[in-house]
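# Geometric and topological summary
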Amino acid sequence: MQTALVGTGDVQLFLFLRHILASEGFDAALCSDVEEMSAQASHRDVGAVVLEWQPHATRSLDPFRRALPGVPLIVFARNAEAGADGLAAPDLLLSRPFDPAALIGFLSRLRQRNRSNLVDCGTTLRWDDLRMDVAGMKVQRAGQPVPLTALQFRLLRCLLERPTGVCDREALVARCWPAGAEVEPRTVDIHIGHIRRKLLRFGPDLIRTVRGAGYALDSPSRPETGSC
């Protein structure tokens, strides 16, 4: 289940949001600031950020965009004018009185988009002792399950679909993040590093860094490949 990170000091608002998020298939995690959100994102599959706009505490949405690139941002404001200079680019802006139907509709479209992006065939992709069940969204190495977030799954799938080629960072961003997301190359490197460390638990390194280009799969033994 994907997680929505919720930034608010209003307990009643959090309980209200948690109920709506659960109805649309999202877990809810309460966060006090952008640093805590960034820490949560390192071990959760974050599908959205829900933020209560507080002009006295937060002057800009830029820190949230940098910490969680590509993650849809939903902002609650006390009124339509509150913080207008700082609300340059939320994906959804809701002002009082809040309309639950607008939030539910946005979350439903987001969930459907994620599902269509992630599951589109029943093929097993293979490389060396690595196996990916595309439809089941499961990965194994040396017969052992490898837990991955949805984003990590998409990145690894890109590499498995081009096992003898190099995937550049721009292509990985285009395939694995929402359209129009501003993602820095370093962000791709960080997520590939997470995947690499998880795979290293069960064998030698399978991911090769191609300096100035991107990433490719490598193998200490004869490769076995498959694709959609």
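Structure shown above.
Quick notes on the rules
- Residues numbered from 1 in each chain as written.
- Predicted model: local features only at pLDDT ≥ 70, side-chain atom pairs only at ≥ 80, totals over all residues.
- Heavy atoms only, no water.
- Helix = DSSP H or I, 4+ residues; strand = E, 2+ residues; numbered from the N terminus.
- Buried < 20%, exposed > 50% of the residue type's maximum accessible area, 1.4 Å probe, protein only.
- Contact = heavy atoms within 4.5 Å.
- Core = buried A, V, L, I, M, F, W, Y, C linked by side-chain atoms within 4.5 Å.
- Salt bridge = Lys/Arg side-chain N within 4 Å of Asp/Glu carboxyl O.
- Pairing = 2+ DSSP bridges.
- Axes fitted to C-alpha atoms, helices over the stretch in contact; angles between N-to-C directions.
- Expected span 1.5 Å × (residues − 1).
- Phe/Tyr/Trp six-rings, centres within 6.5 Å; stacked < 30°, edge-to-face > 60°.
- Parallel < 35°, antiparallel > 145°, perpendicular 65-115°, else oblique.
- Nonpolar A, V, L, I, M, F, W, Y, C, P; charged D, E, K, R; others polar.

To continue, consider the overall build of the protein chain. Summing up its helical and strand segments, the protein chain has seven helices and 12 strands in all. Counting every position in the protein chain, which comprises 228 residues, the buried fraction comes to 46%. Looking at the protein chain alone, contacts between residues at least 24 apart form 58% of all its contacts between residues at least 6 apart.

All right, on to the nonpolar core then. Counting residues in hydrophobic clusters, the biggest one holds 28 residues, and the most contacted among them are Met-132, Leu-155, Leu-156, Leu-160, Trp-177, Ile-192 and Ile-207. For this core, the elements supplying multiple residues, two or more each, are strand E6 (124-127), strand E7 (130-133), helix H5 (150-161), helix H6 (169-176), helix H7 (185-200) and strand E12 (214-217). For Met-132, the contacting residues outside a window of four places in its chain are Thr-123, Thr-124, Leu-125, Lys-138, Val-139, Phe-153, Leu-156, Arg-157 and Leu-160. Counting 20 residues, the second largest nonpolar core, distinct from the first, contains Phe-14, Ile-20, Ala-48 and Leu-103.

Throughout the structure, instances matching the rule amount to five salt bridges. Ionic pairing is found between Asp-205 and Arg-196, a salt bridge with its closest N-O pair at 3.0 Å. The structure contains a network of salt bridges with shared partners spanning Arg-157, Glu-161 and Arg-175.

Glancing now at the sheet that holds strand E2 (residues 26-31). Across the sheet, five strands lie side by side as E2-E1-E3-E4-E5; this open sheet has parallel pairing. The open sheet has two free edges, formed respectively by E2 and strand E5 (92-95), since each of these has just one partner strand. Pairwise comparison of adjacent strand axes, ignoring direction, gives a mean angle of 20° for this sheet. Relative to strand E4 (residues 73-77), strand E3 (residues 46-52) runs parallel, the two sharing four bridges. From the neighbouring strand, Val-50 faces E4, where its bridge partner is Ile-74. The strands that helix H1 (residues 11-23) touches are strand E1 (2-7), E2, E3 and E4; relative to E2, the one it contacts most, it runs at about 155°.

Helix length check: H7 (16 residues) gives 23 Å between terminal C-alpha atoms against 22 Å at 1.5 Å per residue, within 8%. At its buried positions, H7 is contacted by E7, strand E8 (138-141), H5, H6, strand E11 (207-210) and E12.

Before going further, it helps to spend a moment on the packing of aromatic side chains. Scanning the entire structure with this criterion turns up one aromatic pair. Ring centres 4.6 Å apart and planes at 90° place the aromatic pair Phe-76 and Phe-98 in the edge-to-face group. Of this pair, Phe-76 sits in strand E4 while Phe-98 sits in the loop between E5 and helix H4 (100-118), placing them 22 residues apart in sequence. Assigned by exposure class, Phe-76 and Phe-98 land together as buried.

All right, on to the packing of H6 against H7 then. Close contact between H6 and H7 brings their axes to 10 Å; oriented N to C, the two are set at 80°. Accordingly, the angle class assigned to the pair H6 and H7 is roughly perpendicular. In this structure, H6 contributes Arg-169, Leu-172 and Val-173 to the contact, and H7 contributes Pro-185, Val-188 and Asp-189. Here the contact of H6 with H7 is composed, by residue class, of four nonpolar, no polar and two charged.

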